[in-house]
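A look at the structure
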There are 2 protein chains.
Amino acid sequence: MTVPRLKLGIAGLGRGFMLLLPTLAAHPGIRLAAAADPRSEARRQFRADFDATTYTEVADLCADPDVEAVYVATPHQFHREHVELAAAHGKHVLVEKPMALSLEDCQAMIDAMRRAGRWLVVGHSHSFDAPYLRAREMIDSQDFGAVRMISALNYTDFLYRPRRPEELDTSQGGGVVFSQAAHQVDIVRLLGGGHVQSVRAATGSWDSARPTEGAYSALLTFDNGVFANMTYSGFAHFDSDEFCGWSGELGQSRDPDQYGAARARLAETQAPEEEAALKNARTYGAGLSLANSQPQGIAHNHFGFVLVSCDGADLRPMPHGVQVYAHTRRYLEPLSPPEIPRREVLDELVGAIRHGCRPTHTGEWGMATMEVCLAMLESARHDREVMLSHQASVPKAGML
Amino acid sequence: MTVPRLKLGIAGLGRGFMLLLPTLAAHPGIRLAAAADPRSEARRQFRADFDATTYTEVADLCADPDVEAVYVATPHQFHREHVELAAAHGKHVLVEKPMALSLEDCQAMIDAMRRAGRWLVVGHSHSFDAPYLRAREMIDSQDFGAVRMISALNYTDFLYRPRRPEELDTSQGGGVVFSQAAHQVDIVRLLGGGHVQSVRAATGSWDSARPTEGAYSALLTFDNGVFANMTYSGFAHFDSDEFCGWSGELGQSRDPDQYGAARARLAETQAPEEEAALKNARTYGAGLSLANSQPQGIAHNHFGFVLVSCDGADLRPMPHGVQVYAHTRRYLEPLSPPEIPRREVLDELVGAIRHGCRPTHTGEWGMATMEVCLAMLESARHDREVMLSHQASVPKAGML
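Please read these numbers as outputs of a predicted model, since none were measured by experiment.

Calculation criteria
- Residues numbered from 1 in each chain as written.
- Chains lettered and ligands numbered in written order.
- Predicted model: local features only at pLDDT ≥ 70, side-chain atom pairs only at ≥ 80, totals over all residues.
- Heavy atoms only, no water.
- Helix = DSSP H or I, 4+ residues; strand = E, 2+ residues; numbered from the N terminus.
- Rg over C-alpha atoms; globule rule 2.2 N^0.38 Å.
- Buried < 20%, exposed > 50% of the residue type's maximum accessible area, 1.4 Å probe, protein only.
- Contact = heavy atoms within 4.5 Å.
- Areas by Shrake-Rupley, 256 points an atom, 1.4 Å probe, with all protein chains shown as cover.
- Buried area = accessible area lost by both parts, 1.4 Å probe.
- Salt bridge = Lys/Arg side-chain N within 4 Å of Asp/Glu carboxyl O.
- UniProt positions renumbered as here; feature names shortened; annotations may be inferred.
- Domains from an automatic or database assignment.
- Expected span 1.5 Å × (residues − 1).
- Least-squares fit on C-alpha atoms with pLDDT ≥ 70 in both.
- Pairing = 2+ DSSP bridges.
- 1 Å grid on protein atoms, 1.4 Å probe; cavity = no way out; pocket = protein on both sides within 12 Å on 5 of 7 lines; lining within 4 Å.
- Points joined across faces, edges and corners; volume = space filled by probe spheres on them.
- Nonpolar A, V, L, I, M, F, W, Y, C, P; charged D, E, K, R; others polar.

Focus on the overall build of chain A
Helix and strand counts for chain A stand at 11 helices and 17 strands. Against the globule reference of 21 Å for 400 residues, chain A gives a C-alpha radius of gyration of 20 Å, in line with a compact fold. Projected onto its principal axes, the C-alpha coordinates of chain A cover approximately 55 × 55 × 40 Å. For chain A, the proportion of its 400 residues judged to be buried stands at 61%. Counting contacts in chain A only where the partners sit at least 6 residues apart, residues at least 24 apart contribute 71% of the total. Just so you have it, chain A exposes about 14,700 Å², and 49% of that area is on carbon and sulfur atoms.

This is the structure:
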């Protein structure tokens, strides 16, 4: 009995779509059925690449009877509206991180999907990366004792990559708390058990030309006694890929001698329009297509240095596996290189819809991650600890 | 004109003294005049090594007219009493970290020294290590812009090295907050400007056989807007010397293939007495002497991974210098290997007493560091942020 491919519609052919394109194109459980985007060149490219229908409006995509599920990869501030549209048409949804920009929006999305009786999965985030999922399994095996403390550091040039103005405006979902903490929090929650109790954070907005949070440090406590430090700088000159064997975020081989490239390129641009043009040059339909979306990755995706201190070992997810520092020996729990990068996110979506497997990254999970991100902003703004109340535990794997 | 050597008396010939012995023996501004210790074998060894007077009681050492300054290296809980004794006899004082176990004790020590009109220097702590001092000078040069964020991580097997029972009892000054945060806080305060505003911390006491804090993570905010993450594990299996070019805390060359040595050695001991005996085997007069105290160091001392994010560069103090990650290039600001390890602490003491140079690590400085350490314990115990009120800025270098 062959399980039919999931007919997926893409809402938004931007950066999120480009990053997932190699996965979407290669995943055996997916057929790209349609897409919506306001840019005609993107629509044209999609039709050429996939022989599929395209729409200008997400509403029309959601109404397409040939679409079973919608991947909502539109700008952050439109996630709620587009998820509600998909729900209203009875579609399953994969929504990009950050899930939304407020808890109210997250709750509305969960409610809409529940009313529709359809699946909601939130991703891709780096907590889908195989090394973190494997570390979680190792923790669940109880071979390494209780999780006690997590440390997560990531130093990148995120803020100096080409940006659209809205990406530098927190009120529109810009800045590293929405864009990057959404990854780091998801990872730390996955490894720590999910249920964060308190957040104390500080954020840095240090470049008036790029007026949004570009860095943060936070201390999280969990209801099970675990605590975690998360530190991120998108203003960084130091590059924490050094601590990941010079493997990049997407699993690509990094050249340690390439230094300062993002700032150097940006220094050549003068005006915001020029920068937006630079960004558009790497957009689908304008320079990029299926043909040149081939994965750069030779290792697994990652999100910087992560160390999970357990009673019996420290676990360090790495691009090629999980480095285990046990009492008497140190070894790599190896992972095969990814044949399809980021496939885990589509496995989770297809697994839920086609096989009734409980997803980890549900709406409730995504909302709990957003609650931490929003608490980080609030804690930093008001200089005080924030207590949480919408947290979710790591779901047990298995069938429903 | 020759400046006479400072006649120093040693109160306590324990581990602190052993760690400073290569420095004490080699420093051109110091003469070891006397020592006090309850252990006869230690006194005998001191007389043999230095042809100097020894006492059983610290009070008698302090009364010795041939002693100009006392190095108080007795167990933490006796620091106040011994500093007050030294002050009462008009001696200058170098007191080991942690300065004391309460702010009241710190204040009493400051007051006693002030009344006596003598110098009080608090150290050694790793904030005297040349790479941190050099990083502070580089920050003061204003070549790298404002300091914004600091990250400090240290993963060691501290808790599994041989310990006396009191070292595993927080009420007697045991645990890593008193012993190790005293270093890390001193470093982070030095680099961040000194004036901490708030502390939120969590501590871990995860091994009932060693019932004290063995790990912590803390978020500090400073009055100048700087924020810092400090994470330490003395339960660690992972070893952060990996991030310091496999150079150890004392500047010694580490062998990455030596793994798990502390736990393995400890596993062979059965009873606390056996462990104490193991510890005593590396004590002055019982196995150790001047002759075998030769510095292992070929690089500078360090305290794990430290990264200072400035507007113009990230500064990473390393055992061989300060690694600078600037906008367009990355380079090492090199430091000559130390001829005398840890000499900076005695330079500061001698500089103050003989040359009127303002010390950085005054009583007020040490008290401010202890306030942060105590706030970490309080924050962890009561699950809340603690605001500080006894902070001190980094003193400007120079003559008084």
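There's more to say after this.
A look at the interface of chain B and chain A
Taken together, the contact pairs 52 residues of chain B with 52 residues of chain A. Taking both sides of the interface into account, the surface hidden between chain B and chain A amounts to around 4,000 Å²; carbon and sulfur atoms contribute 62%. Per-residue buried area on chain B facing chain A is highest for Trp 206, His 237 and Tyr 259 of chain B; these three make up 17% of the total on that side. Joining chain B to chain A, the criterion identifies six salt bridges.

Some remarks on the UniProt feature "domain: GFO/IDH/MocA-like oxidoreductase" (unreviewed entry) in chain A
Taken from the UniProt record, the annotation "domain: GFO/IDH/MocA-like oxidoreductase" (unreviewed entry) applies to residues 132–241 of chain A. In the segment residues 132–241 of chain A, helix accounts for 24% and strand for 30%; the C-alpha atoms at its two ends are 16 Å apart.

Focus: the domain arrangement of chain A
All names here are of chain A. With domains assigned, chain A is organised as domain 1 (6–126 + 340–371) and domain 2 (130–339). Across the contact, 35 residues belong to domain 1 and 35 residues belong to domain 2. For the pair domain 1 and domain 2, the summed buried area comes to about 3,100 Å², and 63% of that belongs to carbon and sulfur atoms. Among the residues of domain 1 in contact with domain 2, Met 18, His 126 and Trp 365 are the three that bury the most area, contributing 23% of the side total. Counting residues per element, the ones that place at least two in the side of domain 1 that touches domain 2 are α1 (15–26), α2 (40–50) and α11 (363–382). The element best represented in the side of domain 1 that touches domain 2 is α1, accounting for seven residues.

Details of helix α11 (residues 363–382) of chain B
Side chains three or four residues apart in an α-helix point the same way, a direct result of the helix having 3.6 residues per turn. Residue and element names in this part refer to chain B. Helix length check: α11 (20 residues) gives 28 Å between terminal C-alpha atoms against 28 Å at 1.5 Å per residue, within 8%. Among the 20 residues of α11, 16 are classified as buried, and the element is accordingly described as predominantly covered. Of the residues one or two after α11, Asp 383 is the one with positive phi, at around 55°.

Some points on the relation of the copies chain B and chain A
Each copy superposes on the other: chain B lies on chain A with an RMSD of 0.0 Å after a rotation of 180° and an axial shift of 0.0 Å. With respect to symmetry, the two chain copies, as superposed, fit the operation of a two-fold axis. Rotation axis and chain B: the residue whose C-alpha lies nearest the axis is Leu 219 of chain B, separated from it by 3.1 Å. The overlap is high: 100% of the interface residues of chain B also sit at the interface in chain A, so the same surface is used on both sides.

Examining the pairing of strand β14 (residues 313–318) of chain A
Residue and element names in this part refer to chain A. With six of its six residues buried, β14 lies for the most part within the structure. Alternating positions in β14 separate into two faces, Ala 313, Leu 315 and Pro 317 on one and Asp 314, Arg 316 and Met 318 on the other, with burial throughout. By the bridge criterion, two bridges tie strand β13 (residues 305–310) to β14 in an arrangement that is antiparallel. Bridged to Val 308 within β14 is Leu 315. In textbook terms, the turn of a hairpin is the stretch between consecutive antiparallel strands, and for β13 and β14 this stretch comprises two residues.

Focus on empty space enclosed by the protein
Residues and elements named next belong to chain B. One pass over the full model with this rule turns up four cavities of 30 Å³ or more. Taken as a whole, the largest cavity encloses approximately 80 Å³ of empty space. Together, 14 residues line the largest cavity, and Lys 97, Val 122, Asp 186, Gly 366 and Thr 369 are the ones closest to its centre. Those elements giving two or more residues to the lining of the largest cavity turn out to be α7 (176–192) and α11. With four residues, α11 is the largest single contributor of residues to the lining of the largest cavity. Broken down by class, the residue content of the lining of the largest cavity amounts to six nonpolar, six polar and two charged.

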